[in-house]
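# Inside the fold
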Amino acid sequence: MIYRILAIGDVVGEQGLEHLRRHLRSVKKMKDIHFTVVNGENASGVGIMPQQVEELYMAGADVVTLGNHTFGKMQIQTRLEEDAYLLRPANYTSRAPGRGYGIYDCGRVQIGVMNLIGRCDLDFHAENPFATADRLLKEEKPRFVLVDFHAEATSEKLALGYYLDGRVSALWGTHTHVPTADEQIMPKGTGYITDLGMTGPVTGVLGIRHQQSIESFLGGQPGRYQVADGPCKMQGAVFSLDSDTGLCTAVERIDIR
């Protein structure tokens, strides 16, 4: 049997949340999706609030992953401890609340979801994501394992893709908010894309008002970043997974506007 997994790129602001609410369930129906993972770390612009986690679930997310802005809103700490479907990077310090890996039932199979953060140009004192993945994969291994690698450098993402090729079902990158055109099945059967893109305003710079980003690069004082106005997009990818092998048979990018 083929299971179709939908991965959605970083949701930015209330505008991104609203666009997700409008379109996610219809896309799931159209693509015959069995399981959905949404990166929600920018739902409040920087971080996510507990109510926004609920809104992501109500919109159709099965699991919500985070990243470098996990603790952008400190109100999320208690939710991280209590909610098994909300993941922060597994290679954060063990003193951080929450978990970075979960195993979930999906009909006749189980799906493992792993959230990792990169270390190249992201100084969060994180443990080595390669070693963390090795450690987690030594534990109980379900039929499918999915990895959201929240990282800056495309080289680090691609290297981890090759490193885990054949050991996980799919690995996608998040964080840079710009979708890459390198969706592929790696030599040993892992589905891969370097970055899913984002869910939020079409205009602006990575979802933020472009005037503020320009002012920042000019060396000025941009002020507190605000989410851009205007029409939105929902970007991500669909991974088709074979329940006999646990590996990927197809990858398709999506961009819903």
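One can find the structure itself at the top, above this paragraph.
These figures come from a predicted structure and were not determined experimentally.

Quick notes on the rules
- Residues numbered from 1 in each chain as written.
- Predicted model: local features only at pLDDT ≥ 70, side-chain atom pairs only at ≥ 80, totals over all residues.
- Heavy atoms only, no water.
- Helix = DSSP H or I, 4+ residues; strand = E, 2+ residues; numbered from the N terminus.
- Buried < 20%, exposed > 50% of the residue type's maximum accessible area, 1.4 Å probe, protein only.
- Phe/Tyr/Trp six-rings, centres within 6.5 Å; stacked < 30°, edge-to-face > 60°.
- Lys NZ or Arg CZ within 6 Å of the ring centre and 35° of its normal.
- Pairing = 2+ DSSP bridges.
- Contact = heavy atoms within 4.5 Å.
- Axes fitted to C-alpha atoms, helices over the stretch in contact; angles between N-to-C directions.

## Things to note about unusual backbone geometry
One non-glycine residue with positive phi stands out, namely Asp32, at about 55 degrees. Mapped onto the secondary structure, Asp32 falls in the loop between α1 (13-31) and β3 (35-39). Non-glycine residue His177 carries a positive phi angle of around 65 degrees. Looking at the secondary structure, you find His177 in the loop between β9 (170-174) and β10 (184-185). Take His177: its relative accessible area is 9%, and that puts it in the buried class.

## A look at the packing of aromatic side chains
All chains considered together, the criterion is met by six aromatic pairs. Directly above the ring of Tyr163 sits Arg167, whose terminal nitrogen or CZ lies 4.9 Å from the centroid.

## Overview of the sheet that holds β9
Strand order in the open sheet made by the six strands is β6-β7-β8-β9-β11-β10, with mixed pairing throughout. Of all the strands in the sheet, the pair left with one neighbour each is β6 (101-106) and β10. The pairing of β10 with strand β11 (residues 191-193) spans two bridges and is classified as antiparallel. Looking at the pairing, Ile185 lines up with Gly191 of β11. On the sheet, helix α4 (residues 129-137) packs against β6, β7 (109-117) and β8 (144-150) and is oriented at approximately 160 degrees with respect to β7. Sheet strands touched by helix α5 (residues 154-164): β7, β8, β9 and β11. Its angle to β9, the strand with the most contacts, is close to 170 degrees.

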